[in-house]
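The chain contents come next:
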Amino acid sequence: MRSGAGVASVPRLVIAAPASGSGKTTVATGLMAALAGRGFAVSPHKVGPDYIDPGYHALATGRVGRNLDAYLCGPELIGPLFLHGARGCDIAVVEGVMGLYDGAAGQGELASTAQVAKLLRAPVVLVVDASSQSRSVAALVHGFVTWDPEVRVGGVILNKVASDRHEALLREALEAVGVPVLGVLRRAPQVDTPARHLGLVPVAERRAAAVEAVAAMGAQVAAGCDLEALVALARGAGVLSCAAWEAVAAVTAGEAGEGAARDAGGFSPPPPLPVPNPGGSAPGPPDRPERPRPRTPDGLEETGRSAAPARTPDGPEGAARSSKVTVAVAGGAAFTFSYAEHAELLTAAGAEVVVFDPLRDEALPEGTRGLVVGGGFPEVYAAELSANEALRKAVAGLALSGAPVAAECAGLLYLCRELDGRPMCGVLDASARMTGRLTLGYREAVAVGDSMLAAAGRRMRGHEFHRTVVEPGAGSGAAAPAWGLHAPERRVEGFVQRNVHASYLHTHWAGAPGVARRFVERCRTS
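Not measured: the values here are computed from a predicted model.

K.L.:
Talk me through the sheet that holds strand β5 (residues 66–68); I want residue IDs and the actual numbers.
P.N.:
Two orientations exist for strands paired in a sheet by backbone hydrogen bonds: parallel and antiparallel. Taken in spatial order, the seven strands of this open sheet run β5-β4-β6-β3-β7-β8-β9, and their pairing is parallel. In this open sheet, the two strands that pair with only one neighbour each are β5 and β9 (181–186). Across the sheet, the axes of successive neighbouring strands diverge by a mean angle of 25 degrees, strand direction being ignored. Of the strand pairs in this sheet, strand β4 (residues 42–47) and strand β6 (residues 91–95) are connected by five bridges, and their pairing is parallel. Within β6, the residue paired with Lys46 across the bridge is Glu95. Where helix α9 (residues 227–234) meets the sheet, its contacts fall on β3 (12–16), β6, β7 (124–129), β8 (153–161) and β9, and the angle it forms with β3 comes to roughly 110 degrees.

Here is the structure:
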């Protein structure tokens with residue numbers, strides 16, 4: 001990554017599509033693997049809130065997959081978070097979400113792949129499912145190219161092409177559009193990945209098979225795409241005039257600094273991308289000193305391991321945080337949903353983050369002063385979670401002692417009295433069960449009362465994604481509601497009970513770093 005005073009640039013591409021199901025994940029993950037196989041240090045990113053695709057990205061690159069969500073974090077943090085993840089990398093690949101121009105419902109381009117591409121000043125490669133069309137592909141691509149002149153579609157990758165004759169017809173049609181074909185992929189069942197009620201099966205649940213699938217994706221992209229042309233296109237990305245995000249700086253600023261850019265008058269996208277020289281090629285990565293490549297996607301991959309330490313700020317504030325408190329974070333196959341920045345913020349706030357596996361570990365990490373249980377699939381592992389009675393009792397005891405416990409979605413289910421009739425931790429007097437109804441979408445939320453995560457009236461943005469229901473859906477009596485949701489409908493949701501905060505709402509703490517600081521301070525004083 002080339003950098004200067006407040007100016008940084010790393011070659012980058014955004015992999016987008018006209019619609020979901022076109023093959024974005026296959027192409028993006030395969031491109032990451034193919035470039036990593038050529039010796040590039042690849043930075044993997046995913047537009048939107050999805051937790052599962054970044055796991056496959058991590059397998060392909062050996063680096064933690066990171067999300068870029070303009071709704072959850074704000075447009076002003078897209079560039080800084082991108083540069084934070086891309087430190088030390090030769091190239092970045094950003095997988096889009098849904099269709100190129102799809103974003104938060106009813107809010108224009110907000111949180112769309114197109115908006116993120118503009119914020120990153122990155123060229124877009126459009127992945128088109130060509131399985132049921134020939135000449136019509138030209139009209140489709142022409143529409144996406146011309147819809148927003150600030151989005152530069154630098155090329156097309158044709159997916160699910162049936163034959164040489166089919167490929168010839170598609171190429172002939174696209175000549176009139178003037179957008180180069182950068183790759184052609186045939187149907188390949190071996191790169192398919194199994195899915196279930198919330199999308200792809202996470203890497204943690206099928207590691208050996210996932211490794212094989214990612215290798216197959218990489219081989220297919222390397223064979224069917226012009227890697228040199230793709231790298232050359234990536235090197236035409238514009239310079240970003242912002243600094244990389246820093247967890248310590250974010251925590252130190254606290255709530256006073258959150259949303260400052262938005263409050264100061266909004267965010268204006270950078271100027272349009274310069275048109276790069278289409279000629280030339282890039283057969284390999286730039287020369288750089290040899291460095292060890294990580295063998296696991298991140299420091300939280302294995303249970304019992306701590307997050308990488310963050311620099312502690314100088315002065316009295318830093319000294320107060322130098323005494324670490326242990327925060328246990330649920331991991332393993334049942335709890336795979338977590339943003340990497342959460343652990344980084346907790347560490348920066350003075351926590352020693354230790355991951356444990358509720359499917360295997362019968363006790364919380366030694367000295368646990370706080371607990372974070374994120375999202376995942378406890379409904380798939382209900383029997384195993386219920387059978388680990390020792391840990392369930394330990395979690396209930398920790399909550400009863402007054403230690404802070406933060407739970408999102410899967411964590412909420414785990415804290416309930418029961419899940420699908422099987423005993424859970426019993427921290428909350430509520431019952432959870434699977435349903436056939438999908439609850440999905442962004443949410444505007446306000447903290448109903450004070451909690452160890454947020455002060456009353458604190459506004460947050462979140463995301464719901466589940467097929468379960470908790471009854472009752474919000475606290476009453478001994479427990480209070482956690483959030484008042486204002487979009488898409490008005491309702492209260494979640495539970496606040498002593499120092500327990502449990503909700504269906506997934507939040508991204510980079511957009512509200514005061515949450516991590518508040519949580520760790522409560523761990524220290526409870």
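K.L.:
Can you tell me about the sheet that holds strand β22 (residues 495–497), naming the residues and giving the values?
P.N.:
If you walk across this open sheet you meet the six strands as β13-β12-β14-β15-β23-β22, and the pairing is mixed. Each having just a single partner strand, β13 (351–356) and β22 make up the two edges of the open sheet. Across this sheet, the average inter-strand angle for adjacent strands is 15 degrees, counted without regard to direction. In the sheet, strand β14 (residues 368–373) pairs with strand β15 (residues 405–408) via three bridges, with the strands oriented parallel. Across the sheet, Val373 pairs through a bridge with Ala407, a residue of β15. Of the strands in this sheet, β13, β14, β15 and β23 (500–503) touch helix α15 (residues 389–400), which is tilted by about 115 degrees from β14. Of the strands in this sheet, β12 (325–330), β13, β14 and β15 touch helix α17 (residues 514–525), which is tilted by about 145 degrees from β14.

K.L.:
If you had to explain the pairing of strand β18 (residues 431–447) to someone new, which residues and values would you point to?
P.N.:
In terms of strand pairing, strand β16 (residues 418–419) meets β18 through two bridges, oriented parallel. The residue of β18 that forms the bridge with Glu418 is Ser431. Bridge analysis of β18 against strand β19 (residues 459–471) gives 12 bridges, and the strand direction is antiparallel. For Val446, the partnering residue across the bridge sits in β19 and is Arg459.

K.L.:
Tell me what's going on with the pattern of salt bridges, and back it up with residues and numbers.
P.N.:
Taken as a whole and judged by the stated rule, the model has 21 salt bridges. Measuring nitrogen to oxygen at the nearest pair gives 3.3 Å for the salt bridge that ties Lys46 to Glu95. Here Lys46, found in strand β4, pairs with Glu95, found in strand β6; they are 49 residues apart in sequence, far enough to count as distant. The buried category is assigned to Glu95, whose relative accessible area is 1%. Between Glu471 and Arg433 there is a salt bridge, and its shortest N-O distance comes to 2.9 Å. One end of the pair, Glu471, is in strand β19; the other, Arg433, is in strand β18, with 38 residues separating them in the sequence. Assessed through its relative accessible area of 37%, Arg433 is described here as partly exposed.

K.L.:
Mind laying out unusual backbone geometry, listing which residues take part and the relevant values?
P.N.:
The omega torsion across Glu471 and Pro472 is -5 degrees, close enough to zero to call that bond cis. Mapped onto the fold, Pro472 is located in the loop between β19 and β20 (483–487). The phi torsion at Cys409 lies on the positive side, around 55 degrees, for a residue other than glycine. Here Cys409 lies in the loop between β15 and α16 (410–415). In this structure, Asp420 takes a positive phi of about 50 degrees despite not being glycine. Within the secondary structure, Asp420 sits in the loop between β16 and β17 (422–423). In this structure Asp420 comes out as partly exposed when scored by relative accessible area, which is 38%.

K.L.:
Which residues make up the packing of helix α6 (residues 136–147) against helix α7 (residues 164–175), and what are the values?
P.N.:
As a packed pair, α6 and α7 sit with axes 8 Å apart at the nearest point and diverge in direction by 45 degrees. On the basis of the axis angle, α6 is oblique to α7. Taken as a pair, α6 and α7 cross one another with a handedness that is right-handed. Facing Val137, Ala138 and Val141 of α6, the residues of α7 in contact are Leu170, Ala173 and Leu174. In terms of residue class, the contact of α6 with α7 is made up of six nonpolar, no polar and no charged.

K.L.:
Residues and numbers for the pairing of β12, please.
P.N.:
By the criterion of burial, β12 is predominantly enclosed, with six of the six residues buried. Taking every second residue as pointing to the same face, both faces of β12 are buried, with Val325, Val327 and Val329 on one and Thr326, Ala328 and Ala330 on the other. With six bridges connecting them, β12 and β13 associate as parallel partners. Bridge pairing in β13 links Thr326 to Glu352. Regarding topology, helix α13 (residues 340–348) serves as the crossover connection from β12 to the parallel β13, and that connection is right-handed. Strand direction decides the pairing type here: β12 and β14, joined by four bridges, are parallel. What sits directly across from Thr326, in β14, is Thr368.

K.L.:
Tell me about the side chain of Thr439, and name the residues and values.
P.N.:
Relative to the helices and strands, Thr439 is located in strand β18. The class for Thr439 is buried, based on a relative accessible area of 11%. Within the local environment of Thr439, its side chain forms a polar contact with the side chain of Arg437, the two groups lying 3.2 Å apart. Once residues within four sequence positions are removed from consideration, Thr439 is found in contact with Glu464, Phe465 and His466.

Thresholds, definitions, all that
- Per chain, residues are indexed from 1 in the order of the written sequence.
- pLDDT decides what is reported in this predicted model: residues at 70 or higher carry local features, side-chain atom pairs at 80 or more are listed and counted, and totals for whole chains, interfaces and linings draw on all residues regardless.
- Heavy atoms from the whole structure form the basis of all side-chain values; hydrogens and water molecules are not counted.
- Should DSSP find at least two bridges between two strands, the strands are regarded as paired.
- Secondary structure counts use DSSP, requiring at least four H or I residues in a row for a helix and at least two E residues in a row for a strand, with both numbered from the N terminus.
- Geometry is summarised by axes, namely lines fitted to C-alpha atoms with helices restricted to the contacting stretch, and by angles between N-to-C directions that run from 0 to 180 degrees.
- Throughout, a residue-residue contact means that at least one pair of heavy atoms, one from each residue, lies within 4.5 Å.
- In what follows, salt bridge is the name for a side-chain nitrogen of Lys or Arg lying within 4 Å of a carboxyl oxygen of Asp or Glu.
- Only protein chains enter the accessibility calculation, which uses a 1.4 Å probe; a residue is then buried when its area is under 20% of its type maximum, exposed when over 50%, and partly exposed in between.
- Any angle from 65 to 115 degrees is called roughly perpendicular, while one under 35 is roughly parallel, one over 145 is roughly antiparallel, and all others are oblique.
- What makes a crossing left-handed is the near helix being turned counterclockwise from the far one by less than a right angle; a clockwise turn instead makes it right-handed.
- Basically, the charged four are Asp, Glu, Lys and Arg, the nonpolar ten are Ala, Val, Leu, Ile, Met, Phe, Trp, Tyr, Cys and Pro, and anything else, Gly included, counts as polar.
- By convention, a crossover is right-handed whenever its connection, traced from the first strand over the helix to the second and viewed with the strands pointing away, goes clockwise.
- Here a polar contact is taken to be a pair of N or O atoms separated by no more than 3.5 Å, where protein atoms must pair a possible hydrogen donor with a possible acceptor and residues adjacent in sequence count only if both atoms sit in side chains.

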